[in-house]
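Tertiary structure, described
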Amino acid sequence: MTLTPLTPRSPDTLSAPPAVLHAPVIDWFEAHARDLPWRRPEAGAWGVMVSEFMLQQTPVGRVLPVYEQWLARWPRPADLAAEPPGEAVRTWGRLGYPRRALRLHAAASAITELHGGTVPGDHAALLALPGVGEYTAAAVASFAYGQRHAVLDTNVRRVLARAVTGVQYPPNATTAAERRLARALLPESEPVAARWAAATMELGALVCTARTPQCGRCPIAGSCAWRAAGSPAHDGPPRRGQTYAGTDRQVRGKLLAVLREAVAPVPQRVLDAVWDEPVQRARALDGLVADGLVEPLEDGTYRLPLT
DNA sequence: CAAGCGTGGAA
DNA sequence: TTTCCAAGCTT
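A quick note: this is a predicted structure, and the numbers were derived from the prediction, not measured.

So, how was this worked out
Residues numbered from 1 in each chain as written. Chains lettered and ligands numbered in written order. Predicted model: local features only at pLDDT ≥ 70, side-chain atom pairs only at ≥ 80, totals over all residues. Heavy atoms only, no water. Near = heavy atom within 4 Å. Polar contact = N/O pair within 3.5 Å; in protein donor to acceptor, adjacent residues only side chain to side chain. Helix = DSSP H or I, 4+ residues; strand = E, 2+ residues; numbered from the N terminus. Nonpolar A, V, L, I, M, F, W, Y, C, P; charged D, E, K, R; others polar. Pairing = 2+ DSSP bridges. Core = buried A, V, L, I, M, F, W, Y, C linked by side-chain atoms within 4.5 Å. Buried < 20%, exposed > 50% of the residue type's maximum accessible area, 1.4 Å probe, protein only. Domains from an automatic or database assignment.

Some details on the protein's contact with DNA strand B
- Around DNA strand B, the structure places 17 residues, and the nearest of them are R62, R94, P98, R249 and R252.
- When the atoms of DNA strand B within 4 Å of the protein are grouped by moiety, sugar and phosphate amount to 60% of the total.
- One nitrogen or oxygen atom from the side chain of R252 is found 2.3 Å from a phosphate oxygen belonging to DNA strand B.
- For the surface near DNA strand B, the element with the most residues is helix α13 (residues 248-261), which contributes four residues.
- Of the residues contributing to the surface near DNA strand B, the split by class is four nonpolar, five polar and eight charged.

Now the structure itself:
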C-alpha cells in the first residue's frame with residue numbers, strides 16, 4: 001500500500017476528506033486500545049460522564065482508582081445528587097481542580113431533576129449541564145451514545161495538527177479552523193465517526209504524544225504532513241507554562257487537603273497553620289468559600305459544604 | 001479572550 | 001532540579 005503524504009493545507013481546500021486516515025487509525029485502535037473501565041459497556045453514560053469530568057486535565061492513571069470508588073458509591077446520578085456536595089469534594093481526593101467535583105455534583109442534580117435521572121444524549125442538553133463544555137458534551141454524546149460529533153480534545157488537536165496541518169503543536173486555544181478541520185474529517189457513518197473520535201484520541205494519548213512521539217508505531221506516519229515536512233520544531237510564541245509554587249492555587253490546595261481529611265469542622269487556627277503569609281492565606285480561603293468548596297460556620301470553623 | 005483553577009509523574 | 005504536561009471549563 002502506498003500512502004501519499006498530505007501536504008499542509010487549510011480545511012477549505014480539502015477537495016475530499018482524506019479518508020485514507022480513517023481505516024488505519026481505526027484498525028490501530030482495534031488492536032491497541034487500552035481496556036479502560038469507562039469504555040466497557042457496563043459503564044453506561046453516567047460512567048462515561050464521570051470519567052470525562054475526572055479526565056479534564058488529569059492523567060488516566062490517577063483517575064482510575066477514584067473512578068472505581070466513585071461509581072461503586074454512586075452508580076447513578078441520583079445517588080450522587082442525594083448527598084452533600086462536600087462528599088463529592090472529599091471523594092474527589094487529590095485529582096486536582098476540585099471545582100470539577102462540585103460541578104459533577106451539580107450536573108448530577110440537574111440530570112436528576114431535569115432529565116429523570118438519565119444522562120441526556122442530546123448535545124445541547126449536555127452542554128447546558130454544569131462543568132460540561134464543548135469537548136465533554138461531544139465526548140459523552142459520541143462515546144456513550146455513539147453519535148457523530150467532532151470530539152476535539154488536546155490529543156485529537158495534536159494529531160490533526162501534525163498529520164494534516166503539518167505543525168508540531170496546535171494553537172494554545174482551539175480555533176475555528178481546527179473545528180472546521182475536525183468536522184471535515186468526520187466519517188459520514190455515525191458509528192464509524194464515534195469510533196474515529198475514540199481512535200484519534202487514543203492515538204494522541206499513546207503514540208502521537210506531546211513530547212516524544214512514537215512515529216515508528218504510528219499507523220499514519222506515512223501520510224503525516226508534519227513528518228513529510230521534516231518534523232519542524234514548533235514555531236511561534238512559547239506555549240504558556242503554568243507556575244504553581246507560591247500561588248494561591250497551592251494555598252487553596254493545602255487548605256482543602258486539611259478539610260478533606262477532617263471528620264469535624266476545622267478551627268481557623270488549624271487552617272492558619274498551612275500557610276504563613278496571612279494575606280494570601282485569607283484570600284485563598286475566601287476564594288474557596290466563594291467557589292462553594294468550603295462552608296464557613298457561625299462559630300468560626302470551616303468544613304466541606306453540606307449544601 | 002486571557003487568566004485562574006490542583007496535582008503528581010516523567011523527562 | 002526544573003520544566004513540561006495530563007480526555008477543559010468558567011468568567
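Here we look at the sheet that holds strand β3 (residues 301-303)
- Taken in spatial order, the three strands of this open sheet run β1-β3-β2, and their pairing is antiparallel. Bordering the open sheet on either side are β1 (266-267) and β2 (295-296), each of which pairs with just one other strand.
- Of the strand pairs in this sheet, β2 and β3 are connected by two bridges, and their pairing is antiparallel. By the bridge assignment, P296 is partnered in β3 with Y302.

Here's the deal with the nonpolar core
- By size, the foremost hydrophobic cluster in this structure holds 51 residues, and its most contacted members are W46, M49, M54, W70, L104 and L126.
- Residue assignment for this core shows that the elements contributing at least two residues are α2 (44-55), α3 (60-73), α5 (85-92), α6 (99-114), α8 (134-143), α13 and α15 (278-290).
- Inspection of this core shows a minimum of three residues originating in each of domain 1 (16-231) and domain 2 (248-301).
- Counting 31 residues, the second-largest nonpolar core is a separate cluster that includes L21, V25, W28 and F29.

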